[in-house]
Amino acid sequence: MSAALFIALSIAASGACAAISWKHPAQVARATGGDLTALARALRALPAEARLSELARRSPPESWERRLALEVMSAADPRAKIAAANDLLAELEQRLDVGAGWPRAAARLSAFAALLLATLSFLAQAGPSAIALVLVAGAAGALASAAAGRAGRAAASRTREAVDALVGVALGPLDGAAGAARAASASPRRSRRASP
């Protein structure tokens, strides 16, 4: 086998690993419909009872935040509203986590492929410059994959913070209502238990 073939294989493997790795940050970016921090800021200026309908109005049609607003508004009582929000939050968390391991696996794969191809190049007596190029290509793929992993984790962290802010603003009044409902339903039970 020629040195050029080993170099081409190393470049192809590294490029494929980097391309797969960068899918995760892109997937995280598509998990929600837009700038949730700005949306939370805008909703904070509104009365609490108008926030969910405004969230539905301002959100893109198929976005996670629009589904949140519509499902919470259609729920019957505060507990059901909180349950609907929790279901959608769990779904979003799963979306953010899917593919999070790809960059790490791709970095390892790129490094191992480069080592294998460098070993084969050495055995085929391809020359030190070919071996060096194979290793450089593998290292570049591993570094690109590691950078994609860092970018994906940072984007997921920013998305989680923005979602927390949005949910806090949009659903904040529900926490008080659910707490009052829990207290109202718990107090009669306590009085019933206390009576003989």
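Worth saying up front: this structure is predicted, and the values here are computed from it rather than measured.

**Focus: the side chain of S21**
- Here S21 shows up in helix α1 (residues 3-21).
- Of the residues examined, S21 reaches a relative accessible area of 0% and is grouped as buried.
- A polar atom in the side chain of S21 sits 3.0 Å from the side chain of S145.
- If we ignore the near neighbours within four places in the chain, the residues touching S21 are W102, P103, A106, S145 and A148.

**Side note on a nonpolar patch on the surface**
- A surface patch of nonpolar side chains, amounting to about 440 Å² of accessible area, comprises L116, L120, F122 and L123.
- Inspection of the secondary structure puts L120 in helix α7 (residues 102-123).
- For L120, a relative accessible area of 36% gives the class partly exposed.

**Quick word on unusual backbone geometry**
- Located in the positive-phi region is Q125, a residue other than glycine, with phi close to 55°.
- Looking at the secondary structure, you find Q125 in the loop between α7 and α8 (128-194).

**Topic: the confidence of the model for the chain**
- In this model, the chain carries a mean pLDDT of 86, and residues with pLDDT of at least 70 account for 87%.
- Across the chain, the secondary-structure element scoring lowest on mean pLDDT is α8, at 77, and the one scoring highest is α7, at 94.
- Contacts of residues 177-196 to residues separated by more than four positions or lying in other chains number 6 contacts, the stretch itself having pLDDT below 50.

**Remarks on α1**
- Taking 1.5 Å as the rise per residue, α1 with 19 residues should run 27 Å; its terminal C-alpha atoms sit 27 Å apart, in good agreement.
- Buried within α1 we find F6, I7, S10, S14, C17, A18 and S21. Projected onto a plane normal to the axis of α1, the buried residues spread over an arc of 100° and lie on a single side.

**Comments concerning the environment of D35**
- Relative to the assigned elements, D35 resides in the loop between α2 (23-29) and α3 (36-44).
- In the structure, D35 is positioned 128 residues away from V163 in sequence and 9.9 Å away in space, judged by C-alpha atoms.
- Looking at D35, its side chain comes within polar contact range of the main-chain nitrogen of A38, at 3.3 Å.

**Remarks on the pattern of salt bridges**
- Enumeration over the complete set of coordinates arrives at 7 salt bridges.
- D97 is the partner of R160 in a salt bridge, and the nearest nitrogen-oxygen pair spans 2.9 Å. Linking R160 in helix α8 with D97 in helix α6 (residues 78-97), this pair joins segments that are 63 residues apart in sequence.
- Each of R67, E71, E91 and R95 takes part in a single network of salt bridges with overlapping partners.

**Regarding the packing of helix α5 (residues 64-74) against α6**
- Look at α5 against α6: their axes get within 8 Å of each other, and the N-to-C directions meet at 160°. In this view, α5 runs roughly antiparallel relative to α6, as classed from their interaxial angle. For α5 against α6, the interelement crossing comes out right-handed. Where α5 abuts α6, its residues W64, R67, L68, E71, V72 and M73 lie against K81, A84, A85, L88, L89, E91, L92 and R95.

**Observations regarding the environment of G138**
- Note that G138 resides in helix α8.
- Of the residues examined, G138 reaches a relative accessible area of 1% and is grouped as buried.
- For the pair G138 and C17, spaced 121 residues apart in sequence, the C-alpha to C-alpha distance is 9.6 Å.
- When near neighbours in sequence (up to four residues on either side) are disregarded, G138 contacts S10, S14, S110, A111 and A114.

**Digging into the nonpolar core**
- The biggest cluster of nonpolar side chains holds 26 residues, and the ones touching the most others in it are L43, L55, W64, L68, L166 and L171.
- Counting residues per element, the ones that place at least two in this core are α3, α4 (51-58), α5, α6 and α8.
- It is α8 that provides the largest number of residues to this core, a total of 9 residues.
- If near-sequence neighbours (up to four positions away) are discounted, L43 is found in contact with R51, E54, L55, L166, V169 and A170.
- Membership of the second largest hydrophobic core comes to 7 residues, among which are F6, I7, L117 and V134.

Rules used throughout
- Residues numbered from 1 in each chain as written.
- Predicted model: local features only at pLDDT ≥ 70, side-chain atom pairs only at ≥ 80, totals over all residues.
- Heavy atoms only, no water.
- Helix = DSSP H or I, 4+ residues; strand = E, 2+ residues; numbered from the N terminus.
- Buried < 20%, exposed > 50% of the residue type's maximum accessible area, 1.4 Å probe, protein only.
- Polar contact = N/O pair within 3.5 Å; in protein donor to acceptor, adjacent residues only side chain to side chain.
- Contact = heavy atoms within 4.5 Å.
- Patch = residues over 30% accessible without salt bridge, like charges linked within 9 Å, V, L, I, M, F, W, Y side chains within 5 Å.
- Areas by Shrake-Rupley, 256 points an atom, 1.4 Å probe, with all protein chains shown as cover.
- Salt bridge = Lys/Arg side-chain N within 4 Å of Asp/Glu carboxyl O.
- pLDDT = per-residue confidence, 0-100.
- Expected span 1.5 Å × (residues − 1).
- Arc of directions from axis to C-beta.
- Axes fitted to C-alpha atoms, helices over the stretch in contact; angles between N-to-C directions.
- Parallel < 35°, antiparallel > 145°, perpendicular 65-115°, else oblique.
- Left-handed = near helix turned anticlockwise from the far one by under 90°.
- Core = buried A, V, L, I, M, F, W, Y, C linked by side-chain atoms within 4.5 Å.

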